[in-house]
Amino acid sequence: NAGVMQNPRHLVRRRGQEARLRCSPMKGHSHVYWYRQLPEEGLKFMVYLQKENIIDESGMPKERFSAEFPKEGPSILRIQQVVRGDSAAYFCASSPPEGIDEKLFFGSGTQLSVL
Amino acid sequence: DQQVKQNSPSLSVQEGRISILNCDYTNSMFDYFLWYKKYPAEGPTFLISISSIKDKNEDGRFTVFLNKSAKHLSLHIVPSQPGDSAVYFCAVVIQGAQKLVFGQGTRLTINP
């Protein structure tokens with residue numbers, strides 16, 4: 001039973017390029033969460049999605065950031081026109097249909113570096 | 001608005017001794033509290049949790065204590081081992097919102 005899979009593990013982009021981060025939840029899980037960890041800071045909630053629905057995007061920056069979780073395929077976190085301040089570790093987590101039920105399972109993260 | 005605070009960015013403990021990590025929260029309506037452990041270049045992994053109806057939960061070397069009147073959570077690790085060196089995050093479950101809110105983390109170093 002594979003865990004939460006994120007790819008790529010490392011992503012390097014130049015300022016102004018687009019970054020696409022992918023997350024496949026654990027088998028049987030239909031809820032996906034994206035968190036960001038800036039250098040020397042804690043984990044900050046970004047967005048919570050179910051299949052084809054954004055449930056809570058209160059932590060998403062208003063511009064340049066978007067997320068989707070299509071009916072088929074992984075969840076995608078998309079950052080357009082990246083800036084140096086976007087450099088961070090982005091973690092995806094998943095939970096079963098009944099909800100968090102006490103904990104989330106996290107992937108290994110994508111380290112985004114913006115040059 | 002920091003709902004969960006870990007005021008110690010780092011902690012250093014001798015191997016074999018007790019490690020105590022602390023966490024304070026602001027909202028008395030939180031009903032589930034968790035500790036996650038994170039190694040460099042890895043995702044956070046769940047360690048132990050406690051419901052608000054309890055004041056203690058134990059799992060092997062790890063014990064979590066909840067003091068609701070003080071809105072304070074602590075994690076005790078005894079005896080501490082070198083493999084415990086990691087960053088520890090406390091988190092609360094916001095049930096209605098179906099999400100976790102994390103503290104800033106405490107970097108624990110166990111010295112041989």
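Shown above is the structure to which this text applies.
Counting restarts for each chain, with residues numbered from 1 along the sequence as it is written. Both sets of labels track the order of writing: A upward for chains, 1 upward for ligands. The predicted origin of the model limits local features to residues at a pLDDT of at least 70 and limits the giving and counting of side-chain atom pairs to 80 or more, whereas totals for whole chains, interfaces and linings rest on all residues. Only hydrogens and water are removed before side-chain values are computed, so all heavy atoms of the structure are retained for them.

Visitor: Would you mind going over the overall build of chain A with me for this structure?
Guide: We count a stretch as a helix when DSSP gives it H or I for four or more residues in a row; a strand needs E for two or more, and each element gets its number in order from the N terminus. Looking only at helices and strands, chain A features zero helices and eleven strands. Written out in order from the N terminus, the α and β elements of chain A read β-β-β-β-β-β-β-β-β-β-β. Taken against the 2.2 N^0.38 rule, which gives 13 Å for 115 residues, the C-alpha radius of gyration of chain A at 13 Å falls within 12% of a compact globule. Principal-axis analysis of the C-alpha atoms gives chain A an extent of 40 × 25 × 25 Å. Here chain A, with 115 residues, has 44% of them falling under the buried criterion. Residue contacts follow a heavy-atom distance rule, with two residues in contact if any of their heavy atoms lie within 4.5 Å. Long-range pairs, those at least 24 residues apart, make up 53% of the contacts in chain A with a sequence separation of at least 6. Here the Shrake-Rupley method, with its probe set to 1.4 Å, supplies the accessible areas, and only the displayed protein chains count as covering residues. As displayed, chain A offers around 5800 Å² of accessible surface, 45% of which is attributable to carbon and sulfur atoms. The convention is simple: Lys and Arg are positive, Asp and Glu are negative, and His and the chain ends are not counted. The atom standing in for a charge is NZ when the residue is Lys, CZ when it is Arg, CG when it is Asp and CD when it is Glu. One way to put it: in chain A the 16 positive side-chain charges average out to a point 9 Å from where the 13 negative ones average out. Restricting the calculation to C-alpha atoms gives the radius of gyration, and the globule rule supplies 2.2 Å times the number of residues raised to the power 0.38. Exposed residues in this analysis have more than 50% of their type's maximum accessible area, buried residues have under 20%, and partly exposed residues fall in between, with area computed by a 1.4 Å probe over protein chains only.

Visitor: Is there a simple way to explain the sheet that holds strand S1 (residues 5-7) of chain A in this structure?
Guide: In sheet architecture, strand pairing relies on hydrogen bonds along the backbone and comes in two forms, parallel and antiparallel. Residues and elements named next belong to chain A. Read from one edge to the other, the open sheet built from four strands follows the order S1-S3-S8-S7, with strand pairing classed as antiparallel. A strand with exactly one partner marks an edge of an open sheet, and here the two such strands are S1 and strand S7 (65-68). The mean inter-strand angle of the sheet, taken between neighbouring strand axes irrespective of direction, is 15 degrees. Any two strands are treated as partners once DSSP identifies two or more bridges connecting them. As paired elements, S1 and strand S3 (residues 19-24) share three bridges and run antiparallel to each other. Following the sheet pairing, Met 5 is matched in S3 by Ser 24. Note on geometry: axes are C-alpha line fits, over the in-contact stretch for helices, and angles between N-to-C directions span 0 to 180 degrees.

Visitor: Just to check I follow, could you spell out the pairing of S3 of chain A for this structure?
Guide: Walk down a regular strand and you will see the side chains alternate between the two sheet faces. Residues and elements named next belong to chain A. Burial of S3 is one-sided: the residues Ala 19, Leu 21 and Cys 23 facing one way are buried, the residues Arg 20, Arg 22 and Ser 24 facing the other way are not. Here S3 pairs with strand S8 (residues 75-79) via five bridges, running antiparallel. Directly across from Arg 20, in S8, lies its bridge partner Arg 78.

Visitor: How do you make sense of the environment of Tyr 90 of chain A when you look at a structure like this?
Guide: Residue and element names in this part refer to chain A. Turning to its location among the elements, Tyr 90 is positioned in strand S9 (residues 88-95). When its relative accessible area of 0% is taken as the criterion, Tyr 90 is described as buried. On a C-alpha basis, the gap between Tyr 90 and Arg 9 in space is 9.6 Å, while along the polypeptide they are 81 residues apart. In this view, Tyr 90 contacts Gln 6, Leu 21, Tyr 35, Arg 36, Met 46, Phe 65, Leu 77, Ile 79, Gly 109, Thr 110 and Leu 112; residues no more than four positions away in its chain are not counted.

Visitor: Sorry if this is basic, but what is going on with the nonpolar core here?
Guide: Across soluble globular proteins, nonpolar side chains show a tendency to be buried alongside one another. Ranked by size, the top nonpolar core spans 25 residues in total, and within it Phe 33, Trp 35, Leu 73, Leu 75 and Tyr 88 of chain B carry the most contacts. Where this core is concerned, the elements lending two or more residues are strand S3 (19-25), strand S4 (32-38), strand S5 (45-51), strand S7 (62-67), strand S8 (72-77), strand S9 (86-94) and strand S11 (106-111) of chain B. At five residues, S9 of chain B tops the list of elements feeding residues into this core. For the purposes of this section, nonpolar cores are sets of buried Ala, Val, Leu, Ile, Met, Phe, Trp, Tyr and Cys residues that join through side-chain atoms within 4.5 Å. Residues Leu 11, Leu 21, Met 46 and Leu 49 of chain A belong to the second largest nonpolar core, which totals 23 residues.

Visitor: Would you explain the packing of aromatic side chains in this entry?
Guide: What characterises a pair of aromatic rings is the spacing of the ring centres plus the angle enclosed by the ring planes. Classification of ring pairs rests on two measures: the distance between centres of Phe, Tyr or Trp rings, Trp counted by its six-membered ring, which must be within 6.5 Å, and the angle between planes, read as stacked under 30 degrees, edge-to-face over 60 and tilted in between. Taken as a whole and assessed by the stated rule, the structure comprises eleven aromatic pairs over all chains. Ring geometry for Tyr 36 of chain B versus Phe 46 of chain B: centroids 6.0 Å apart, planes at 75 degrees, classification edge-to-face. Of the two residues, Tyr 36 of chain B is situated in strand S4 and Phe 46 of chain B in strand S5; the sequence distance between them amounts to ten residues. The class of Tyr 36 of chain B is buried, set by a relative accessible area of 0%. Here the aromatic residues Tyr 35, Phe 45 and Phe 106 of chain A together with Tyr 36, Phe 46, Phe 89 and Phe 102 of chain B are joined through ring pairs into a cluster of three or more.

Visitor: How do you make sense of a nonpolar patch on the surface when you look at a structure like this?
Guide: Residues Ile 18, Ile 20 and Val 78 of chain B make up a contiguous nonpolar surface patch of about 230 Å² in total accessible area. By secondary structure assignment, the location of Ile 20 of chain B is in strand S3. Each patch is built from residues lacking any salt bridge and having more than 30% relative accessible area; the joining distance is 9 Å for like charges and 5 Å for nonpolar side chains (Val, Leu, Ile, Met, Phe, Trp, Tyr). The salt bridge definition used is simple: a Lys or Arg side-chain nitrogen within 4 Å of an Asp or Glu carboxyl oxygen.

Visitor: Teacher, can you tell me more about the pairing of S3 of chain B here?
Guide: Residues and elements named next belong to chain B. On S3, burial follows the alternation: Ser 19, Leu 21, Cys 23 and Tyr 25 on one face are buried, whereas Ile 20, Asn 22 and Asp 24 on the facing-out side are not. Here two bridges tie strand S1 (residues 4-5) to S3, and the two strands are oriented antiparallel to one another. Bridging from a neighbouring strand, Val 4 pairs with Tyr 25 of S3.

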